[in-house]
Amino acid sequence: MIKEKYQIHNRELSLNIVQTEIESIRKKDIVKTGIRIYDDGKIGVAGSLGNYDEKELEAKAKENLKLNIPYEYDLTHDISREEVEIVEISENEFVEKIEKLMREIKEKHNDFSFSNKITLKNRIKILENDLNTKIFSELKYFSFELIFKHKSSANIFDGFVGYEGFDYSHEKFIYLVDEVCGAFNNVVDIDEGEYPIIFLSDDFAILKKFYTDLNGLSFGSGSSIFSNKIGEKIFSNDFTLYQSRNYEDGIIEHFFDAEGTINEENRFALIENGVLKSPYTDKKTANMFNLPLTGAADADYDSVPSLGFVPMSIKKSDKTLKELLNGKKGILVFIASGGDFTPDGKFGTPVQLGFLYDGEKLIGRVPEFKLNSDIYSMFGEDFIGVGKNSITQLGKNFGVVINMKIKK
């Protein structure tokens, strides 16, 4: 009988922003603890919110072995690792900085109204078991999720400015707001035709097909368009797709999954140089379909680990965005809502907010337009690359450049 403790501790100080002012402050401090007992190919789980009695949880988890939930996979063992990445700032300092920020934005951009929230997040995840495993991760970082509306606009909102990271600079965030608001007020027309289109590297719109069809269950059961294509070259030589928990890819995530699986450099290449290597898997899926284990298990504190939602990123090139554009002007997609992939991989989306972009600065706002392509062209012959430099001065917001035709 083997005992494992899985704990998630989330603290947040969230500032609710209304009309470019702090409207309210909310604190959250939640500890979730789960005890897992493994015995004879079965798992029993019991969990608690807040304070807990570990012996009582252990007894409940043992009792839950009677539910006969199978778990016949190798447990993580003989690993001791701790990673801590935190910003050094007090709650009072954080509030003071945001008050100063809102005052300056309101003064400089009184033709806009900003709202939503800015949060100081502190996330801790721990996994320990009787097999000499002790893994600890703590992340404390800034999360800015501001939407804006021009005061003359009839829309609910017109755009956003955001940032997630471990460093904060008042001047750099003001520069970002200045650049976005200035470009928004400068409307420029474009002709229909082919342009280098730049998507933010974490834009779910272009990655959605990989999330659905590189899911290990979908892949293994044969319902994915990528099923039975492991080892085949199906995309550009320059296209490598990671399952990633690496901040250098612009992703803030704990370095291990809910089963304690850890990857080298906190990445696993699902597609490498255009060749399909693996779907993303947890231990059950990898075992069921004889696939590589990629460490994509998720679990709440009181549930059995299962295949979860795992961050993805496209490998950066050795060129800047300006070099990738090669003298051309591209269109940076800020908001593309309402689009999707078809089951066979065709892609279409309206773009509600895009900016003409020269690789270094936003030039102006372009009218709404539509994009159509397919996944094999987007990441095959039309794929230009991912810039090695961040689009913004704050954080790691990389740009994925793809040649695409636009229609108004």
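First, a word on what this report is: a plain description of the structure on this page.

1. What to know about the packing of aromatic side chains
- The tally for this structure, following the rule as stated, stands at 33 aromatic pairs.
- Relative to Tyr 168, the ring of Phe 142 lies with its centre 5.7 Å away and its plane at 50°, an arrangement referred to as tilted. Residue Phe 142 is found in strand β7 (residues 133-150), and its partner Tyr 168 is found in the loop between β8 (159-165) and α3 (170-184); the two are separated by 26 residues along the sequence. For the pair Phe 142 and Tyr 168, one class covers both residues: buried.
- An angle of 40° between the planes, with centres 4.7 Å apart, marks the rings of Phe 144 and Phe 173 as tilted. Placement of Phe 144 in strand β7 and of Phe 173 in helix α3 is noted, with a sequence separation of 29 residues between them.
- The exposure class of Phe 144 is buried, given its relative accessible area of 2%.
- In textbook terms, an aromatic cluster arises when at least three aromatic residues are bridged by ring pairs, as seen for Phe 210, Phe 226, Phe 235, Phe 239, Tyr 376, Phe 379 and Phe 383.
- One Lys or Arg, Lys 125, reaches over the ring of Phe 256 and ends 4.9 Å from the middle of that ring.

2. Notes on the sheet that holds strand β12 (residues 275-276)
- Taken in spatial order, the 4 strands of this open sheet run β12-β11-β10-β15, and their pairing is antiparallel. The open sheet is flanked by β12 and β15 (312-314), the only strands paired with a single partner.
- As judged from the 2 bridges shared by strand β11 (residues 267-272) and β12, these two strands associate in the antiparallel manner. Counted as the bridge partner of Glu 272 is Val 275 from β12.
- Where helix α4 (residues 204-213) meets the sheet, its contacts fall on β10 (241-244), β11 and β15, and the angle it forms with β15 comes to roughly 125°.

3. Some words on the environment of Gly 182
- Following the sequence through the fold, Gly 182 ends up in helix α3.
- Given the relative accessible area of 40%, Gly 182 is considered partly exposed.
- With 52 residues separating them along the chain, Gly 182 and Ile 234 place their C-alpha atoms 41 Å apart.

4. Some words on α4
- When you tally the buried positions in α4, you get 7 out of 10 residues, the bulk of the element.
- Among all positions of α4, only Ala 205, Ile 206, Leu 207, Lys 209, Phe 210, Tyr 211 and Asp 213 are buried.

Cut-offs used in this document
- Residues numbered from 1 in each chain as written.
- Predicted model: local features only at pLDDT ≥ 70, side-chain atom pairs only at ≥ 80, totals over all residues.
- Heavy atoms only, no water.
- Phe/Tyr/Trp six-rings, centres within 6.5 Å; stacked < 30°, edge-to-face > 60°.
- Helix = DSSP H or I, 4+ residues; strand = E, 2+ residues; numbered from the N terminus.
- Buried < 20%, exposed > 50% of the residue type's maximum accessible area, 1.4 Å probe, protein only.
- Lys NZ or Arg CZ within 6 Å of the ring centre and 35° of its normal.
- Pairing = 2+ DSSP bridges.
- Contact = heavy atoms within 4.5 Å.
- Axes fitted to C-alpha atoms, helices over the stretch in contact; angles between N-to-C directions.

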